[in-house]
Amino acid sequence: MFRIAIGGLSHETHTFLEKRTTVGDFADRHVQYGPEIIERNRTVSNYIRGFIEVIEETGGELVGTVNAAANVHGYVTRNAFEKFTTEMTDALREAEGVDGVLLALHGAMAAEDYDRAEAEAVRRVRSVVGADVPIMVTLDLHANEDHHLTDVADAVFVCKKYPHTDTRETGEAAARCMVATLRGEFMPAMALHKPGIISPSIFQGTDFSPMRDFRERADEWERVEDDVCYVSVAPGFGYADVPDVGASVIAVTNGDKALAEKVARDMSAYMWKKREELARRPIAGPEEAVQKARSAVQDGRCPVVLADGADRTGDSTHLLRQLMRQGAGNFVLSSLHDPSAVQFCQQLGEGSEVAVSAGGWGQASGEPIHLEGRIEFVGDVTYELTGPMNTGGTVGCGPSATLNLGDSRYVVLTSLNHQVRDAEGFRAFGVDPSDMDILIVRSRVHFRAYYDRVAGEIIEVDAPGMGPADLSGLHFYKIPADIFPVGKNWQVEV
Ligand SMILES: [Zn+2]
């Protein structure tokens, strides 16, 4: 019987955001220890559940270590990174001998002292378990990784879908590989290639070209070559000024390093050919997007989803201001991230009339917006996801309030940044989205897991913000000079 340690450390670090990611931010999302990790993830569709199911099914024993995740902010503080990695290595020492380690990491974490935070975390785990204990890692599709990680891990598995609806399957694939390796039936050999492309998240949905094409080719490699176990295509997280930024391909084979190299090189070359599609495309600004939304409503294509992809702090007012300016009615925005506006509403209480200035405190979020209306709802909101993404997982928004501005215009205010993934992202605040003509979300692709089927029309919006569809406005210093399209070499007029 095998003893497998499991754990997780997950953060998508937006290095351009000034606010650091602290221990408290991890506490706001989740921090779990020991057996709690197994209990809490058993019913949630995620990587860890995949680990748990496969290891238990094969009669293995699970040892929970640490599982921590935080919402998107700036660099992870030195304190937070040291705390969680030390707790993980301490737990492994206390376990006194495990046969393997399965870790659910993100791949785009950057800590104050470590741009390649995942590689450092795995290096620390390796220093405890030694060279002979396999360490296998799952990553988010937005992973920015290079050989620093593949040098210290035995096998790496990136989820294949964006929206990430297959994280449980990714966890299962890693755990199956672990079991086969421990039984001596498999010997992981891995190769990583980076095509040299940085791209904004909004172009990375896997139901569309070019990511769909990359995935098809990767699937083909897995199908035709018996020794190809898993081919990961990670387009990466573009809002990170780190040296390992950008797309990567990671191939895991059974003992065939040359084959892994061949697959990773082939995939990388294919991605390079389609680099334009992955990196650039014009998207409507707020004014044009609201015009389009209003004409879609007139044509009866409801609900119209306006997806504000550029807002990374959740407090942008550009789109809401434009909706009000153009006189749009029957809409709900979920949500406007503003703890002090929520607190003000809490003091007044449900049913009160309110005039409050909200949002617009972030680096590129516009001016605060004046809102007047009735407080329809006040509460501390944690809700359960019921759509295809992270089914059964919980989302915490902290103290929240819903304002009715009249003419069926609703604005949800939250204390934590919040991304809608399914209809619960409205219902939890007392608004039924099926009554609404226009739904406004702060999301690039994840909302599509549910709304691609439900929406009459989806309109992407590129408002000013810290997550622009055009990366050329951000000032990168640490990225490779040859990375397309914003590396220094591409800026030079030839
Ligand atoms: Zn992701």
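Calculation criteria
Residues numbered from 1 in each chain as written. Predicted model: local features only at pLDDT ≥ 70, side-chain atom pairs only at ≥ 80, totals over all residues. Helix = DSSP H or I, 4+ residues; strand = E, 2+ residues; numbered from the N terminus. Buried ≥ 20, exposed ≤ 12 C-beta atoms within 10 Å, placed from the backbone. Contact = placed C-beta atoms within 7 Å. Axes fitted to C-alpha atoms, helices over the stretch in contact; angles between N-to-C directions. Parallel < 35°, antiparallel > 145°, perpendicular 65-115°, else oblique. Left-handed = near helix turned anticlockwise from the far one by under 90°. Nonpolar A, V, L, I, M, F, W, Y, C, P; charged D, E, K, R; others polar. Core = buried A, V, L, I, M, F, W, Y, C linked by C-beta atoms within 7 Å. Domains from an automatic or database assignment. Pairing = 2+ DSSP bridges.

1. Focus: the overall build of the protein
Then, in step 1: On a plain count of helices and strands, the protein comes out with 16 helices and 17 strands.
Then, in step 2: Dimensions of the protein, computed from C-alpha atoms along their principal axes, come out at roughly 65 × 55 × 40 Å.
Then, in step 3: Residue burial in the protein is summarised as follows: out of 494 residues, 56% are buried.
Then, in step 4: Counting only contacts in the protein whose residues sit at least 6 apart along the sequence, the fraction spanning at least 24 positions is 77%.

2. What about the packing of helix H8 (residues 211-224) against helix H9 (residues 257-273)?
Then, in step 1: Where H8 contacts H9, the two axes come as close as 10 Å, and the packing angle between them is 160 degrees. Considering the angle they form, H8 stands roughly antiparallel to H9. Here H8 and H9 pass one another in a crossing that is right-handed. Between H8 and H9, the residues in contact are Phe214, Arg217, Ala218 and Trp221 and Val263, Met267, Tyr270 and Met271, respectively.
Then, in step 2: Each residue belonging to the contact of H8 with H9 can be placed in one class, and the counts come to seven nonpolar, no polar and one charged.

3. Quick look at unusual backbone geometry
Then, in step 1: Note that the residue after Ser209, namely Pro210, is joined by a cis bond; omega there is 10 degrees.
Then, in step 2: For Pro210, the position within the fold is in the loop between strand S7 (188-193) and H8.
Then, in step 3: The residue after Phe484, namely Pro485, is reached through a cis peptide bond having omega 0 degrees.
Then, in step 4: The residue Pro485 is located in the loop between strand S17 (457-461) and helix H16 (488-491) in this model.
Then, in step 5: Phi at Asn330 is positive, roughly 50 degrees, even though this residue is not glycine.
Then, in step 6: For Asn330, the position within the fold is in the loop between helix H12 (318-325) and strand S11 (331-337).
Then, in step 7: On the basis of neighbour count, Asn330 is assigned to the partly exposed category, with 15 C-beta atoms found within 10 Å.
Then, in step 8: The phi torsion at Asp407 lies on the positive side, around 55 degrees, for a residue other than glycine.
Then, in step 9: Turning to its location among the elements, Asp407 is positioned in the loop between strand S14 (394-404) and strand S15 (409-414).

4. Regarding the nonpolar core
As a rule of thumb, soluble globular proteins bury nonpolar side chains together.
Then, in step 1: In terms of nonpolar packing, the biggest core is built from 164 residues, with Ala251 and Leu306 touching the most fellow members.
Then, in step 2: Taken together, domain 1 (3-279) and domain 2 (286-468) each give at least three residues to this core, which thus spans both.
Then, in step 3: Apart from residues no more than four positions distant in its own chain, Ala251 is found in contact with Met190, Ala191, Val228, Val231, Ala260, Val263 and Ala264.

5. A look at the domain arrangement of the protein
Then, in step 1: On domain assignment, one finds that the protein holds domain 1 (3-279) and domain 2 (286-468).
Then, in step 2: The gap between the C-alpha centroids of domain 1 and domain 2 is 31 Å.
Then, in step 3: Contact with domain 1, which involves 21 residues of that partner, is made by 22 residues of domain 2.

6. Here's the deal with the sheet that holds S14
Then, in step 1: Read across the sheet, eight strands follow the order S12-S13-S14-S15-S11-S16-S10-S17 without closing on themselves; strand pairing throughout is mixed. Of all strands in the sheet, those bounded by a partner on one side alone are strand S12 (353-358) and S17. Going from strand to strand, the sheet's axes swing by 35 degrees on average, the running direction of each strand aside.
Then, in step 2: Where strand S10 (residues 304-308) and S17 come together, five bridges link them in parallel fashion. Bridge assignment links Val305 to a residue of S17, and that residue is Ile458.
Then, in step 3: Sheet contacts for helix H11 (residues 286-298): S10, strand S16 (438-441) and S17; angle to S17, the most-contacted strand, approximately 170 degrees.

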